[in-house]
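Analysis of the macromolecular model
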Amino acid sequence: MFAVIFKAKVGIQDSQYSETVGVMRDLAFSKYNCQDFVAVTEGGQEIAISHWLSETDIKNWHQDAQHAVAQKLGR
């Protein structure tokens, strides 16, 4: 099992942001074998830890076109 730790500054978290997060979470679990995902927001930061079965799953997730669009929107 592999873990990915993601740290980001919290931006505007409106309904579109929440919807996008849900879609991305479902995609990670259903298509890329994500096993667990936990995110915590405190102050102005978010830390997310996800667990994956393989490095290949992680690489494929990072190369997913929908994920790339979501990342750009998040910036």
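The following paragraphs examine the structure supplied in this document. (Residues numbered from 1 in each chain as written. Predicted model: local features only at pLDDT ≥ 70, side-chain atom pairs only at ≥ 80, totals over all residues. Heavy atoms only, no water.)

Concerning helix α2 (residues 55–63)
Turning to α2, its buried residues are Asp57, Ile58 and Trp61. On an axial view of α2, the arc spanned by its buried residues comes to 100 degrees, and they lie on one face. Along α2, the residues that are exposed and aim more than 90 degrees away from the buried face are Glu55, Lys59 and Gln63. (Buried < 20%, exposed > 50% of the residue type's maximum accessible area, 1.4 Å probe, protein only. Helix = DSSP H or I, 4+ residues; strand = E, 2+ residues; numbered from the N terminus. Arc of directions from axis to C-beta.)

Description of the packing of aromatic side chains
The final tally for this structure, using the stated rule, is 2 aromatic pairs. Here the aromatic rings of tryptophan 52 and tryptophan 61 are separated by 6.0 Å at their centres, their planes lie at 35 degrees, and the arrangement is tilted. Ring-pair connections join several aromatic residues into one group, and the members of that group are Tyr32, Trp52 and Trp61. (Phe/Tyr/Trp six-rings, centres within 6.5 Å; stacked < 30°, edge-to-face > 60°.)

Details of the nonpolar core
Met24, Leu27, Ala28, Tyr32, Cys34, Trp52, Ile58, Trp61 and Ala70 form the largest nonpolar core, which has 9 residues in total. Elements that contribute at least two residues to this core include exactly α1 (15–32) and α2. Per element, the largest residue contribution to this core is 4 residues, and it comes from α1. Apart from residues lying up to four places away in sequence, alanine 28 is in contact with Asn33, Cys34, Trp52 and Trp61. (Core = buried A, V, L, I, M, F, W, Y, C linked by side-chain atoms within 4.5 Å. Contact = heavy atoms within 4.5 Å.)

A look at unusual backbone geometry
Although it is not a glycine, asparagine 33 sits at a positive phi angle of roughly 65 degrees. On the accessibility criterion, asparagine 33 (33% relative accessible area) is partly exposed.

Some thoughts on the sheet that holds strand β2 (residues 34–42)
The 3 strands are arranged β1-β3-β2 in an open sheet whose pairing can be described as antiparallel. At either end of the open sheet lies a strand with only one pairing partner, and these are β1 (2–9) and β2. Taking each pair of neighbouring strands and ignoring which way they run, the sheet shows an average axis angle of 15 degrees. Here 8 bridges tie β2 to strand β3 (residues 45–52), and the two strands are oriented antiparallel to one another. Note on β3: the bridge partner recorded for aspartate 36 is histidine 51. With respect to the sheet, α1 is in contact with β2 and β3, its orientation differing from that of β2 by roughly 155 degrees. (Pairing = 2+ DSSP bridges. Axes fitted to C-alpha atoms, helices over the stretch in contact; angles between N-to-C directions.)

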